[in-house]
Protein chains: 4
Amino acid sequence: MSSAERASSTPWANTHAQLAASGDEATADRQDLLDRYQQVRAASLAMTQGWSAEDMALQSMPDASPAKWHLAHTSWFFEALVLRTANPNYVARDERYFYLFNSYYEALGARHPRPQRGLLSRPDLAEVMAYRAHVDAAMADLLGATSPELLANLGDTIVLGLQHEMQHQELMVTDLLHAMSLNPLRPALWPELADAPIRPAICNEGDDLPRALGWISHGGGKVDVGHPGPGFAFDNETPRHTVWLQPFRIADRPVSCGDYLGFVRDSGYRRPDCWLSEAWATIQREGWQAPAYWVLCDDGEFDVFGPAGLTRLDPAAPVSQLSFFEADAYARWAGARLPTEFEWEAAAATSAAVPGDPSGDLATQQPAGQSAGLPGAGQVWEWTGSAYLPYPGFKPWAGAAGEYNGKFMLNQMVLRGGSWATPAAQKRIGYRNFFAPAARWQFSGLRLARDAE
Amino acid sequence: MSSAERASSTPWANTHAQLAASGDEATADRQDLLDRYQQVRAASLAMTQGWSAEDMALQSMPDASPAKWHLAHTSWFFEALVLRTANPNYVARDERYFYLFNSYYEALGARHPRPQRGLLSRPDLAEVMAYRAHVDAAMADLLGATSPELLANLGDTIVLGLQHEMQHQELMVTDLLHAMSLNPLRPALWPELADAPIRPAICNEGDDLPRALGWISHGGGKVDVGHPGPGFAFDNETPRHTVWLQPFRIADRPVSCGDYLGFVRDSGYRRPDCWLSEAWATIQREGWQAPAYWVLCDDGEFDVFGPAGLTRLDPAAPVSQLSFFEADAYARWAGARLPTEFEWEAAAATSAAVPGDPSGDLATQQPAGQSAGLPGAGQVWEWTGSAYLPYPGFKPWAGAAGEYNGKFMLNQMVLRGGSWATPAAQKRIGYRNFFAPAARWQFSGLRLARDAE
Amino acid sequence: MSSAERASSTPWANTHAQLAASGDEATADRQDLLDRYQQVRAASLAMTQGWSAEDMALQSMPDASPAKWHLAHTSWFFEALVLRTANPNYVARDERYFYLFNSYYEALGARHPRPQRGLLSRPDLAEVMAYRAHVDAAMADLLGATSPELLANLGDTIVLGLQHEMQHQELMVTDLLHAMSLNPLRPALWPELADAPIRPAICNEGDDLPRALGWISHGGGKVDVGHPGPGFAFDNETPRHTVWLQPFRIADRPVSCGDYLGFVRDSGYRRPDCWLSEAWATIQREGWQAPAYWVLCDDGEFDVFGPAGLTRLDPAAPVSQLSFFEADAYARWAGARLPTEFEWEAAAATSAAVPGDPSGDLATQQPAGQSAGLPGAGQVWEWTGSAYLPYPGFKPWAGAAGEYNGKFMLNQMVLRGGSWATPAAQKRIGYRNFFAPAARWQFSGLRLARDAE
Amino acid sequence: MSSAERASSTPWANTHAQLAASGDEATADRQDLLDRYQQVRAASLAMTQGWSAEDMALQSMPDASPAKWHLAHTSWFFEALVLRTANPNYVARDERYFYLFNSYYEALGARHPRPQRGLLSRPDLAEVMAYRAHVDAAMADLLGATSPELLANLGDTIVLGLQHEMQHQELMVTDLLHAMSLNPLRPALWPELADAPIRPAICNEGDDLPRALGWISHGGGKVDVGHPGPGFAFDNETPRHTVWLQPFRIADRPVSCGDYLGFVRDSGYRRPDCWLSEAWATIQREGWQAPAYWVLCDDGEFDVFGPAGLTRLDPAAPVSQLSFFEADAYARWAGARLPTEFEWEAAAATSAAVPGDPSGDLATQQPAGQSAGLPGAGQVWEWTGSAYLPYPGFKPWAGAAGEYNGKFMLNQMVLRGGSWATPAAQKRIGYRNFFAPAARWQFSGLRLARDAE
């Protein structure tokens, strides 16, 4: 089953699947914008079906936030960046939410400390839902009443708000999954997904084991990277610019759990030569001996915790919930390395590219099992060897939105691709995801690369 | 309004008030034991009226536990120490709860880490309620079916379990109040209590300000302290033994918020000579400038956070939520000191004592406004200058219950008396409450003492 | 070899041995006071023979200080509390030392942070020696020129300064020993002490193994404790007052390394029932498996690190460098308990007392191998079960000296007796040493006690 | 005075100046290699003139090491990587030093914990000197006796050892300077340097203020970067490869203290919009308000701590001891950015390049005040906006030397150029220095860059 197919097994499948990619021309269209707004907002709620108010209040670490907070903060985003700006008569449901649900925007004033998001039993979930409804109503009013000129302006911010909310949709899953991973009962977020493993994408048809790794060659040289436009992109994907690549090879599928098990069984976590210095210090200090969600059973085999709860390790599934430290160590052990983000992008774009459509999303271009630029992409986020830094000529957006991406450009590594939990509209070839190298609660794996022979 | 009167304004007032003190003869009485069991268990639930599932899942610091956890753990206590022992056919609702809801009993095996109690969204509140009902049914069966001989044995453990649950009743309030104190919205746990301030106990009739402090003299000498029996007492209250006291004086009421405000206004938190060395280091490091729940307002006055939410500081209310550090510093500033736990007990027992009833509860003996051994006692827990250490000849209970008290006898200070949130059955003169000196989330205040002139 | 005999093997033996106890009448005697001043000051330097400037600059943890700092701080004490007060024309060698070498006296202003004492390569050792000489010369001038009236006043502070310096003499040894214990080369501070083990004190004459433990009985009842006067005592030893003791028994020798080895071999460090809750958490977190200076060798036996370097565990030597946690756990394992400080004092005073001399020092009263109040006392400090708290009626000294003891009366436990490294003049029966319960770098062991049968 | 001139005022000036850059042909020359070995080794000792044994034992933080340790570790390097390999009969002075002075080479076994290097009073400085002499004698023997074939092999490792030692020479200065900066006496390492400020390099001749900033334009495009060979380079400078640059401008001098003062005075440390998110969190947490060695005086002006002690801020001196956080924030405040390491290298190489000599050192090519590729380079290390990552095709050296650079390629930023304390032989255009972004104890400043207009 491919990532797309798995996604279709989730509670939010119907809503999510309808999400269209953002298009420039669309933003001028009042009704289309409202439709998309409502789709995205509905998808957020659809994802939380089956979760209790108690589930949605959990914060398991400072880096993760309660689902309830995600629902509130994404509403806050529209309130703070759109409604307060565009409608001087806007009446907030509660003025204190402006403080309570600001995430990290210094330009918008003080905010509730991030590590204490899990302490907010009040406002409760019902009130947060009412807050969402309040914002949705105000947005519908605004979109209905705004002049075309103003709408043209607002459109960009609204589209940004929708992209922002889609990012939080995936975080709702990974954050709550992390909390569940610390519960000794190992509850399943979606037990029905136990019947929807992600496998065929890296297997031959009808096969249960991943196919042998193949290599795709790229000749290097002058390559253009970054958002080609038109259509939405985050500021960190721009400007499009030229880089020079050396010839390289890149694997034709992500590393599987079976592959990674070989590393674990080969004492990979006890061999300092496989690890970067900071990585080695980390695994020693934290006692890491396998991926975060792997559980060594009494029979010597591993179970893996995931959205369906604890299930036996599936050798054909892409390895996930891996830190950069572990991805990098695996690659070294395998005699390979991680691709740079531009190698990844060049390889993905080369074969996927069709004239006039260099920016289509990965899911669309790479049906499971078909030959494509990077077969298997979109199953798990793939760590690259690139630090998250500004592109040459990078300009942050104006205003508070300028804090969206730029200020995090340090000590983080880029991931490319997307996971089964990533909304399809965000699986752009040029999309730059990023996390600190020790982060291991995302759907993050890797794909190997090598210098050309 | 006295502490007892305030308690009568709470949602659980009816249930709580009916709780009888445990009596030895009673334990032989099957029906009486069952009645008391059901009263205490019902009181726990009554207290949580008005709290949401989200409220009851909060853990604001490692020292505090979610209300849901308290409800489960007190059930676990009966399951682990009574049902599993007395009924070989007992079927647990979920075997994993034996691990999940053990607090700190090493003899009963491993347990869920204390700082992660707030991460357990599953089992949810409804399931915890079902778990309580399961245990209650099994206890009723057991009490109905047990032979008189066995019951005599079990009775002591069941009474212990009820005393244990009453302790957790107060902790449910202080723990959740602490979580609420960190919520910027400062939600009121019981808004109706705003009309039930604790004041008259240290005021003259009809007066809004505390009466001037008076001093009660005690001649010292040979005094017997500790539980006089019969009736229930914790092991740490025994054995009764002799101590020798120097003559001393003790104040006739607790320190009020108005008194303490004088210390704050006199730069008390910036004068190292008032503080113990470790206390001074703590307030510097933590930035303490007033009691934990005092909030300095724009007008220069203080609001105080409590069960009724944020209200203006009431000069006549006993100061509360004080650490030992602060109680000790205030006493030094006031030219006095804290009483030792035996001075406190001797003073309380002397005048309260009536022939044949040395162990009655404080609330009964000291109606508000009447002259009594220690007028005002029972409003707030009163820090003493005594370290929490074993009495001479102390023997911990046999078995797992031996871990109840003894192993905490280090680096903690004794508090005496009780607060408005303390079940009446626990306001024994000999009761030894204890907390680390930095703890400031209890209903803890102080009463001054001095050497005899 | 007794503690006194071992002390006589040290480099400072001659100087140290001459130190007379302080006597009231002596303080009026100008020449006698100067003699004693010079003896104590010389002893400090004598102890450091064989230590390099590099050794004396080491600070291995915030609780320990460099030997160089001890030498400077004890000089600062005379400068700050005597010279600056008594001589308005006193010219400091360097005004900045007033800040640099203040230990913890808030009343005397700001000071260099304690954890950074090891970063002061300047002033270097030679300059610190010059600073000592400067202070010594000024003190000699002062003592020579002061009027008898003024001298009577100053005398008390000078005697305090000498007692203070003697305390630091022992700390110089334990602090540097701690630093050496962290050096993988395990250097010997005094290799010559390898031939001077402390053993006979708890052995029968000519025997290599400790004699079987005997018990001394005490009938309890009304007992006077605290400094009986005359002669010097710290404020925390006063006032003398009455306590009431229950009958008890106390062991006739300290616990030996051989005894303690039995606990270690019996899995003592893996049995939670032996430990207080905080102790158990500490040994888990820190990985303690034996006393701090014990080193498990390849042959399964233990070496012990000490002033003579690493030597094979001597079963007859008193166990040392023990935390309160470990002393308490051992006692519980042995079916006994620690004595309270008043039980210890009562037992020591009872048999040691001779008419008219209740305050003589332990070493004098208890020649090795002779029957005495507490045979074996003075070998190692003995942890008691008493928290370090003020005596009833305790009054701190006036002025800055008031910070000497009182402000540390929290979360520390009392030790009694003295070690081979304790100056004889401080081995008073009433002397109260104190350390936090986790401290394990002192010459600290224990003696068992039990309730009367 | 230029950086080179200042270096000539240091105690080690004569020795240091003679150090020749390593050249390939030279390694075959036995005598030349020995000469250079002895020069570098002598320079290390020359630098420590005027430092006491106490100074040289200081470790002020885990990232810094005692000068004594540096002297021992650089000897260990020759022992571990050359002598033990090349001479099977080599007899170590002390086998335990193999453990004690290993820095971070996992392949060479366990090692003394880095944060405890300051606790090694033994071996003392004299013994470390003897250890150096022992290694030097063995190296002289080896170089005298080795066959030409073996020498050809060994030569590379010996040259590496010399480059390694030169790196530690600069660290000896910055590490000890850091320790001195924490000493309230602010001792001067080299008081004589007070008369040798680094200024003219960014001033016009005879002027006391820095000249206005000028901009050097570069057209971008295809550029080759990395070590061009021949001659020594670290593995992280290779392989030489092609990159594509966008057109850019780069400043013609480093930022001066006067420039940076403008940022400080403009509330730069209180404006979140100037800082990366992690940087802002750091300065809030640590309380940074100015560069690490700047001291705000009572008159509102700044003194700056440096090798000559505390001196008044010199507006014309290049700002130094800056973290990447601060360098980046300044650039943003100034409406500019940091150059990437390849922009820096391209700009430096372009104008400095003379046919056939693309790899000459900066100091040689850029006499003070002359027009050169990057005027002012070599005064302070210059932070770039590039993460420290492997070059395409990077291969770590074989064996233990493979741990030299590669395993640190994460969460660090590249610095280019060199400081007045950098040995001339290391001021290669291609040299990649690297530190964590919060590091602020190096001679590290910045140079501005901008996109082309």
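Structure: see above.
Read on for an overview of the structure. (Residues numbered from 1 in each chain as written. Chains lettered and ligands numbered in written order. Predicted model: local features only at pLDDT ≥ 70, side-chain atom pairs only at ≥ 80, totals over all residues. Heavy atoms only, no water.)

Quick word on helix α10 (residues 277–286) of chain A
Residue and element names in this part refer to chain A. Considered for burial, the residues of α10 that qualify are Ala279, Trp280, Thr282 and Ile283. The buried residues of α10 occupy an angular sector of 160 degrees when projected down its axis, which confines them to one face. Of the surrounding elements, those touching the buried residues of α10 are α11 (324–333). The first or second residue beyond α10 is Gly287, which carries a positive phi of 75 degrees. (Buried < 20%, exposed > 50% of the residue type's maximum accessible area, 1.4 Å probe, protein only. Helix = DSSP H or I, 4+ residues; strand = E, 2+ residues; numbered from the N terminus. Arc of directions from axis to C-beta. Contact = heavy atoms within 4.5 Å.)

Some words on the pairing of strand β9 (residues 413–416) of chain C
All names here are of chain C. Taking every second residue as pointing to the same face, both faces of β9 are buried, with Met413 and Leu415 on one and Val414 and Arg416 on the other. Across 3 bridges, strand β8 (residues 381–387) lies against β9 in antiparallel orientation. Of the residues in β9, the one forming a bridge with Trp383 is Leu415. Two strands pair when backbone bridges link them, and β9 and strand β10 (residues 433–435) are joined in this way by 3 bridges, in the antiparallel orientation. Among the inter-strand pairings, Met413 is bridged to a residue of β10, identified as Phe435. (Pairing = 2+ DSSP bridges.)

Structural notes on the pattern of salt bridges
Applying the stated criterion to the full structure yields 120 salt bridges over all chains. B:Glu403 is paired through a salt bridge with B:Lys407; the nearest N and O atoms lie 2.6 Å apart. For the pair B:Glu403 and B:Lys407, a shared accessibility class is recorded, and that class is buried. One salt-bridge network, in which partners are shared between bridges, spans A:Arg41, A:Arg132, A:Asp136 and A:Glu165. (Salt bridge = Lys/Arg side-chain N within 4 Å of Asp/Glu carboxyl O.)

Some remarks on the interface of chain A and chain D
In this complex, chain A contributes 31 residues to the contact, which on the side of chain D involves 31 residues. In this assembly, chain A packs against chain D so that about 2,300 Å² is buried in total across both faces, 63% of it on carbon and sulfur atoms. Summed over the three residues of chain A that lose the most area to chain D, namely A:Trp244, A:Leu410 and A:Asn411, the buried surface amounts to 26% of that side. Linking D:Lys395 and A:Asp451 is a salt bridge whose minimum nitrogen-to-oxygen distance equals 3.6 Å. Listed by contribution, the elements that provide at least two residues to the side of chain A that touches chain D are β3 (241–245), α10, α11 and β8 (381–387) of chain A. Per element, the largest residue contribution to the side of chain A that touches chain D is 4 residues, and it comes from β3(A). Broken down by class, the residue content of the side of chain A that touches chain D amounts to 16 nonpolar, 9 polar and 6 charged. (Buried area = accessible area lost by both parts, 1.4 Å probe. Nonpolar A, V, L, I, M, F, W, Y, C, P; charged D, E, K, R; others polar.)

Structural notes on the pairing of strand β4 (residues 248–251) of chain B
Residue and element names in this part refer to chain B. Alternating positions in β4 separate into two faces, Phe248 and Ile250 on one and Arg249 and Ala251 on the other, with burial throughout. Taken together, the 4 bridges between strand β1 (residues 215–218) and β4 define a ladder with antiparallel strand orientation. Considered in β4, the bridge of His218 is made with Phe248. Where β4 meets strand β12 (residues 449–451), 3 bridges bridge the pair, whose relative direction is antiparallel. Each bridged residue has a counterpart across the sheet, and for Ile250 the counterpart in β12 is Ala449.

Side note on the relation of the copies chain A and chain D
Mapping chain A onto chain D calls for a rotation angle of 180 degrees and an axial translation of 0.0 Å; the resulting RMSD is 0.0 Å. The superposition of one copy onto the other is thereby described by a two-fold rotation axis. (Least-squares fit on C-alpha atoms with pLDDT ≥ 70 in both.)

Some details on the sheet that holds β9(C)
Spatially, the 4 strands line up as an open sheet ordered β10-β9-β8-β11 (chain C), and their pairing is mixed. Strands at the two margins of the open sheet, each flanked by one partner only, are β10 and β11 (444–445) of chain C.

Quick look at the packing of aromatic side chains
In this structure the tally under the stated criterion is 144 aromatic pairs over all chains. When the centroid spacing of 6.1 Å and the interplanar angle of 75 degrees are considered together, the rings of A:Trp397 and A:Tyr404 count as edge-to-face. Judged by centre distance (6.5 Å) and plane angle (25 degrees), the ring pair of C:Phe408 and C:Phe434 falls under stacked. Highlighted residues: C:Phe408 in the loop between β8 and β9 and C:Phe434 in strand β10, separated in sequence by 26 residues. Assessed through its relative accessible area of 16%, C:Phe408 is described here as buried. (Phe/Tyr/Trp six-rings, centres within 6.5 Å; stacked < 30°, edge-to-face > 60°.)

Describing unusual backbone geometry
Residues A:Arg122 and A:Pro123 are joined by a peptide bond in cis, for which omega reads 0 degrees. Looking at the element boundaries, A:Pro123 is found in the loop between α6 (97–100) and α7 (125–145). The amide bond that connects B:Thr238 to the next residue, B:Pro239, takes the cis arrangement and shows omega of -5 degrees. When you line up the elements, B:Pro239 lands in the loop between β2 (221–225) and β3 (241–245). Positive phi values are uncommon outside glycine, yet B:Asn411 reaches one of about 60 degrees. Relative to the elements of secondary structure, B:Asn411 occurs in the loop between β8 (381–387) and β9 (413–416).

Some words on the sheet that holds strand β6 (residues 302–306) of chain C
Residue and element names in this part refer to chain C. Taken together, 3 strands build an open sheet; the order of strands is β5-β6-β7 and the sheet is antiparallel. Two strands lie at the open edges of the sheet, namely β5 (294–296) and β7 (309–312), each paired on one side alone. If you compare each strand with its neighbour and ignore which way they point, the axes differ by 35 degrees on average. Lying on the sheet, helix α9 (residues 257–265) is in contact with β5 and β6; it crosses β5 at an angle near 50 degrees. (Axes fitted to C-alpha atoms, helices over the stretch in contact; angles between N-to-C directions.)

Observations concerning the nonpolar core
Core analysis: the largest hydrophobic core is formed by 222 residues, its most contacted members being B:Trp294 and C:Trp294. A:Ala331, D:Phe78, D:Phe234 and D:Val304 belong to the second largest nonpolar core, which has 220 residues in total. (Core = buried A, V, L, I, M, F, W, Y, C linked by side-chain atoms within 4.5 Å.)

Observations concerning the relation of the copies chain A and chain B
At an RMSD of 0.0 Å, chain A and chain B line up after a rotation of 180 degrees and a shift of 0.0 Å along the axis. Of the residues that chain A buries at the interface, 100% are likewise interface residues in chain B, meaning the two copies contact each other through the same surface.

Let's talk about the side chain of D:Ser181
Residues and elements named next belong to chain D. Summarising the element assignment, Ser181 is placed in helix α8 (residues 148–181). Here Ser181 falls in the buried class, since its relative accessible area comes to 12%. Beyond its immediate sequence surroundings of up to four residues, Ser181 is in contact with Arg186, Tyr293 and Phe305.

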